[in-house]
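Observations on chain architecture
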Amino acid sequence: MNKDIKIAIIGLGYVGLPLARLFATKFSVIGFDINKPRVAELMSGIDSTLEVEKELLQSSLVDNPSGEVGLYCSTDLKDIKDCNYYIITVPTPVDKNNRPDLTPLYKSSETVGKVLKIGDIVIYESTVYPGVTEDECVPVLEKVSGLKFNQDFFAGYSPERINPGDKEHTVDKILKVTAGSTPEIGKKVDDLYKAVITAGTHLAPTIKVAEAAKVIENSQRDINIAFVNELAKIFNMLDIDTNDVLEAAGTKWNFLPFKPGLVGGHCIGVDPYYLAQKAQEVGYHPEIILAGRRMNDSMGQYVASEVVKLMLQHDIKVKGANVLILGITFKENCPDVRNTKVVDVIKNLKEYGVNITIYDPLANPSEVKHEYGLETTRDLPKQKFDSIVLAVAHKEFLDLEFNELKSQKSVVYDVKGVLGDKCDKKL
Ligand SMILES: NC(=O)c1ccc[n+]([C@@H]2O[C@H](COP(=O)([O-])OP(=O)(O)OC[C@H]3O[C@@H](n4cnc5c(N)ncnc54)[C@H](O)[C@@H]3O)[C@@H](O)[C@H]2O)c1
């Protein structure tokens, strides 16, 4: 089977690269991306997303696209023209009005359409609402290739469930949902993934079922976090420690262990809008899904106001105070700064007239500057601060000597509830 299969992975980001590396243990894989610097860094054995370790990446690379088992990365369309499986892992963002932006999916479908041949299978992995693969992407493939869907070429969908920064639940160890555009193709898609996913697969009956399954996984998480964020607001007003309440309630077998916090990144905070958009298209106004989004999007402002209250309670002059923000990435132990909600905390704190210093050993300062116009440092600042906000639970922050960073009256606010008695207040 391996000899007859040649896989192209389109989009080599957080999802595409680990998948390409995994398939490359058994198949000939061409990783294709439009981002030239990204392809160059990967071919030199470096992954700046930190998802694939240097030795692992280097040992998977081959130096030409001719078809031997291994990974070759390219920006050149001709290198993917003799592949027979095309797996699309491009971003699915929202626009400024939180509407799904399918541009990367349309563009990558055009790319694949140009090299599509009889018998090829195009599998989408990007998170979408039900119907995007067959109603939005397949027509592009048909138009550009001139081939007929489910006669000349076929489609599949297999949503990705990885959790960036998580070295335990890697792509091979997460059960994978698969689907195909016909029952026979479903079986073929399932067999392809079964060859490398040690955790096994679940073949869904249709592509729309598989698409819906992924988008509700993330929407469910968003809603559950929104619920505990609401609890945090209530318990703060009642002067009860939310984490203590959650710990006590968590002793019941069916209580779900969610923690309050900022919901950023381009999955949990974005995917519910995809589902909401589709629901609205068919005439249903989603209440719970959008209420969850509103609650979670309000948390940056809430954290800032809590920090200011805490400073006032400790007689710290807010205007002109020096505040240290620990972490700006959207989650712990990961360099991804896309859609990070720490910037909401910073923006709201700045409105109170404080001076902000951001320390994040993982975030790339030029990326943060480019995305948000903010200065960050990867080196621990030497000065003293009037207030310290732990916004992201990077492991580097857990053993910090807070006393060396605190001025005389300084306070520490812990968004993630990981500092124990080193903090004055937590979310
Ligand atoms: N990051 C996650 O945690 C995660 C988890 C599960 C699912 N997903 C979903 O997977 C998809 C990809 O996410 P990601 O985090 O890997 O994104 P990413 O931004 O890290 O990577 C996407 C890559 O696609 C490339 N690209 C964009 N347009 C292209 C085109 N037309 N042709 C070729 N390459 C193109 C980009 O240059 C980039 O390297 C999204 O739909 C996302 O929702 C992400």
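Residues numbered from 1 in each chain as written. Predicted model: local features only at pLDDT ≥ 70, side-chain atom pairs only at ≥ 80, totals over all residues. Heavy atoms only, no water.

**Here we look at the domain arrangement of the protein chain**
Rules: All the domain ranges listed were derived from an automatic or database domain assignment. Contacts are assigned to residue pairs with any non-hydrogen atoms lying within 4.5 Å of each other. Buried area is calculated as the accessible area (1.4 Å probe) missing from two parts once they are joined, with the contributions of both summed. Basic side-chain nitrogens of Lys or Arg form a salt bridge, by our definition, when they fall within 4 Å of a carboxyl oxygen of Asp or Glu. Nitrogen and oxygen atoms within 3.5 Å of one another constitute a polar contact, given that in protein one can donate a hydrogen and the other can accept it, and given that sequence-neighbouring residues count only through two side-chain atoms. Residues are sorted three ways: Asp, Glu, Lys and Arg are charged, Ala, Val, Leu, Ile, Met, Phe, Trp, Tyr, Cys and Pro are nonpolar, and all the rest, Gly among them, are polar.
Along its sequence, the protein chain is carved into domain 1 (6–207) and domain 2 (298–426). Measuring from the centre of the C-alpha atoms in domain 1 to the corresponding centre in domain 2 gives 37 Å. Taken together, the contacts link 7 residues of domain 1 with 6 residues of domain 2. When the two sides are added together, the surface that domain 1 and domain 2 hide from each other amounts to roughly 510 Å², 58% of it contributed by carbon and sulfur. When the buried surface of domain 1 facing domain 2 is broken down by residue, Tyr14, Leu50 and Pro164 rank first, second and third, together holding 67% of it. Joining domain 1 to domain 2, the criterion identifies 0 salt bridges. Here domain 1 is connected to domain 2 by 3 residue pairs in polar contact (both at pLDDT 80 or more). Looking at the side of domain 1 that touches domain 2, its residues break down into 3 nonpolar, 4 polar and no charged.

**A look at the side chain of serine 145**
Test applied: In this text, helices come from DSSP runs of H or I with a minimum length of four residues, and strands from runs of E with a minimum of two, each type numbered from the N-terminal end.
Its place among the elements puts serine 145 in helix H5 (residues 132–145). Here the side chain of serine 145 touches leucine 141 through a polar contact of 2.6 Å, landing on its backbone oxygen. A distance of 3.0 Å separates a polar side-chain atom of serine 145 from the backbone nitrogen of leucine 147. In this view, serine 145 contacts Gly113 and Leu116; residues no more than four positions away in its chain are not counted.

**Concerning the packing of aromatic side chains**
How two aromatic rings sit relative to each other is set out by the distance from centre to centre and by the angle between their planes. Counted only if it meets this: What counts as a ring pair is set by centres within 6.5 Å for rings of Phe, Tyr and Trp (its six-membered ring), and what kind of pair is set by the plane angle: stacked under 30 degrees, edge-to-face over 60, tilted for all other angles.
One pass over the full model with this rule turns up 5 aromatic pairs. Taken together, the aromatic side chains of Phe23, Phe27 and Tyr193 make up a single cluster linked through ring pairs.

**Some remarks on helix H9 (residues 271–281)**
Side chains three or four residues apart in an α-helix point the same way, a direct result of the helix having 3.6 residues per turn. Spelled out, the test is: Think of it in three bands: with a 1.4 Å probe and only protein chains considered, a residue is buried below 20% of the maximum accessible area for its type, exposed above 50%, and partly exposed in between.
Those residues of H9 that fall on the buried side of the exposure criterion are Asp271, Pro272, Tyr273, Tyr274, Leu275, Ala276 and Ala279. At the exit of H9 stands glycine 283, carrying a positive phi of roughly 95 degrees.

**Section: the sheet that holds strand S8 (residues 201–203)**
Filter applied, for reference: The rule for pairing is simple: two strands pair if DSSP sees at least two bridges between them. To get an axis, fit a line to the C-alpha atoms, keeping to the stretch in contact for a helix; angles then go from 0 to 180 degrees between the N-to-C directions.
The strand order S3-S2-S1-S4-S5-S6-S7-S8 describes an open sheet built from 8 strands, whose pairing is mixed. Bordering the open sheet on either side are strand S3 (70–74) and S8, each of which pairs with just one other strand. Within this sheet the neighbouring strands show an average axis-to-axis angle of 25 degrees, counted without direction. In this sheet, strand S4 (residues 85–88) lies alongside strand S1 (residues 6–10) in parallel orientation, the contact comprising 4 bridges. Residue pairing across strands places isoleucine 7 opposite tyrosine 85, the latter belonging to S4. Relative to S4, helix H4 (residues 103–115) is tilted by about 170 degrees, and along the sheet it contacts S1, strand S2 (28–32), S4 and strand S5 (121–124).

**Observations concerning the packing of helix H7 (residues 207–237) against helix H8 (residues 242–249)**
Condition: If an angle is under 35 degrees, it is roughly parallel; if it is over 145, roughly antiparallel; if it lies from 65 to 115, roughly perpendicular; otherwise it is oblique.
Running from N to C, H7 and H8 point in directions that differ by 125 degrees, and their axes come no closer than 9 Å. The pairing of H7 with H8 is recorded here as oblique in orientation. Along its contact with H7, which presents Val228, Leu231, Ala232 and Phe235, the element H8 presents Thr242, Val245 and Leu246. For the contact of H7 with H8, the per-class residue count stands at 6 nonpolar, 1 polar and no charged.

**A closer look at the packing of H7 against helix H10 (residues 288–297)**
Short version of the rule: Left-handed describes a crossing in which the near helix is turned anticlockwise from the far one by less than a right angle; the clockwise case is right-handed.
At a closest axis distance of 8 Å, the pairing of H7 and H10 adopts a crossing angle of 50 degrees. Regarding the angle of H7 to H10, the classification is oblique. You can see that H7 and H10 cross each other, and the crossing is left-handed. Contacts from Asp222, Ile223, Ile225, Ala226, Asn229, Glu230 and Lys233 in H7 reach Ile288, Ile289, Gly292, Arg293, Met295 and Asn296 in H10. Per-class residue counts for the contact of H7 with H10 are 6 nonpolar, 3 polar and 4 charged.

**Some remarks on the pattern of salt bridges**
If you walk through the whole model with that rule in mind, you get 22 salt bridges. With a closest N to O distance of 3.0 Å, lysine 78 and aspartate 76 form a salt bridge. Across the pair glutamate 306 and lysine 309 runs a salt bridge, and its minimum N-O distance is 3.0 Å. Placement of the pair is glutamate 306 and lysine 309 together in helix H11 (residues 299–313), with a separation of 3 residues, close to one helical turn. It is possible to trace a salt-bridge network through shared partners that takes in Asp222, Arg293, Asp297 and Lys341.

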